[in-house]
Amino acid sequence: MPHMKITMPILSEDEQVRGGVYLCQVGNRISCGSCCGLYNLRGVTREGLRQLLLQRAAEFAKVPRKIDAILGFALDRSVLEGQDHPVPEFHHCVFAGMITNDGERIGCMLHPLAAGNCGVDWRGLSFYGGAACRLYFCPTYAELEPRWKLLVRAGLEDWFEYGLIIPEHRFIAAALGALEARLQRTIGLSVLSDHSLTAVARLLRTRLDWPFRNPDAPLAWNFFSTRLTDRPECDAGPSIDPLIGRMLRELDTLPKHAREAAMLLEELLARTASAIGIGK
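What comes next is a walk through the structure.

What counts as what
Numbers given for residues are sequential positions, taken from 1 along each chain in its written order. Per-residue local features are limited, in this predicted model, to residues with pLDDT of at least 70; the limit for side-chain atom pairs, both in listing and counting, is 80 or more; totals at the level of whole chains, interfaces and linings are taken over all residues. Excluding hydrogens and water, the side-chain values take into account all heavy atoms of the structure. Classification of ring pairs uses Phe, Tyr and Trp, with its six-membered ring standing for Trp, and accepts pairs whose centres are within 6.5 Å; under 30 degrees between planes counts as stacked, over 60 as edge-to-face, and the remaining range as tilted. A run of DSSP states H or I qualifies as a helix once it reaches four residues; a run of E qualifies as a strand once it reaches two. Both are numbered from the N-terminal end. Partly exposed describes any residue whose relative accessible area lies between the buried limit of under 20% and the exposed limit of over 50%, with all areas from a 1.4 Å probe on protein chains only and scaled to the type maximum. Joining through side-chain atoms within 4.5 Å is the link that ties buried Ala, Val, Leu, Ile, Met, Phe, Trp, Tyr and Cys residues into a set, and such a set is a nonpolar core. Residues are treated as being in contact if the distance between any of their heavy atoms lies within 4.5 Å. Under this scheme, a helix contributes an axis fitted over its contacting stretch, all axes are lines through C-alpha atoms, and angles between N-to-C directions fall in the 0 to 180 degree range. Every angle not falling under 35 degrees, over 145, or within 65 to 115 is termed oblique; those three ranges are roughly parallel, roughly antiparallel and roughly perpendicular. In a left-handed crossing the near helix is turned counterclockwise from the far helix by less than a right angle, and in a right-handed crossing that turn is clockwise. We call Asp, Glu, Lys and Arg charged. Ala, Val, Leu, Ile, Met, Phe, Trp, Tyr, Cys and Pro are nonpolar, and the rest, Gly among them, are polar.

**Quick word on the packing of aromatic side chains**
Thinking step 1. Tallied over the full model, the rule gives 9 aromatic pairs.
Thinking step 2. With centroids separated by 5.0 Å and ring planes inclined at 65 degrees, the aromatic side chains of F60 and F73 adopt a geometry described as edge-to-face. Here F60, found in helix α1 (residues 46-60), pairs with F73, found in helix α2 (residues 67-81); they are 13 residues apart in sequence, far enough to count as distant. Here F60 and F73 have matching classes, each one buried.
Thinking step 3. Each ring, one from F60 and one from F95, has its centre 6.0 Å from the other, and the planes form 75 degrees; the classification is edge-to-face. Of this pair, F60 sits in helix α1 while F95 sits in the loop between α2 and β1 (96-99), and the two are 35 residues apart along the sequence. This pair shows no difference in class: F60 is buried, exactly as F95 is.
Thinking step 4. These aromatic residues form a ring-pair network of at least three members: Y39, W159 and F160.

**Quick notes on the nonpolar core**
In globular proteins that are soluble, nonpolar side chains generally tend to be buried together.
Thinking step 1. The biggest cluster of nonpolar side chains holds 49 residues, and the ones touching the most others in it are Y162, I172, L179, L204 and L248.
Thinking step 2. Those elements giving two or more residues to this core turn out to be α5 (146-155), α6 (159-165), α7 (169-183), α8 (194-204), α9 (242-250) and α10 (258-279).
Thinking step 3. In this view, L248 contacts W210, C234, A236, T253, A258, A261, A262 and L265; residues no more than four positions away in its chain are not counted.
Thinking step 4. Of all hydrophobic cores here, the second largest spans 13 residues; its members include L38, A96, M98 and A220.

**Some thoughts on the packing of α7 against α8**
Thinking step 1. Between α7 and α8, the least distance of the axes is 10 Å, while the angle of their chain directions is 135 degrees. Between α7 and α8, the angle falls in the class oblique. Read as a crossing pair, α7 and α8 show a hand that is right-handed. Between α7, through F171, I172, A175, L176 and L179, and α8, the contact on the second element is made entirely by V200, L203 and L204.
Thinking step 2. Its residues placed into classes, the contact of α7 with α8 shows 8 nonpolar, no polar and no charged.

Here it is in structure tokens:
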């Protein structure tokens, strides 16, 4: 396959944020609501969450933009949706809804640019207040290499998978670090073809459907920057590549499956490296 340089518009926000790569609202289908507690629900599925977000947006469109009415919406949604969250100390914000202009993505219904708000910023009525919404940046902003952030931002296809993957900076660093070690070179958008980027995205999607995942582990928890989020160790033996070991840990792998899981990751990495070699 001939080399095709991938181009992606540089977002104006890139130069304004810590780490030089903006990660929150980056396209008509790509945005992250993990820090809003988006996935802090039980039994989360893509379509189930999508329908919930669409329902919230439809209901909020009917709410008068007055303080009492907005707070009443939050109370009604909290009663309707319940408060049984997997990570009880982290808030799940009912003002996260679906934005549906030229695509679908997660967004804040209190934002001044959101439909119906006429430029008024209502985020001060959210649980953490407007300052947190404006100033908070998840650990990925500071902890992940810029070239890897750009790969994730360009390679994933929608808000659901993006929001589950981009906060997982330790998993991304381990996976892409292990891949680069096998390729014996660094990878970035400027050197990858469309075919190669697709292969990298497929590797990252391991986070979504890992067959050896502990079902009792929270679906998402790396959105915190103020608490310890290290996962328990998953020992696959002394002969395992440390980066593979890190991937096992960040995928919440059940220890009883560690050896089998490590072999699967080796296979996935080899397949991805081969695809990049073909598609370079």
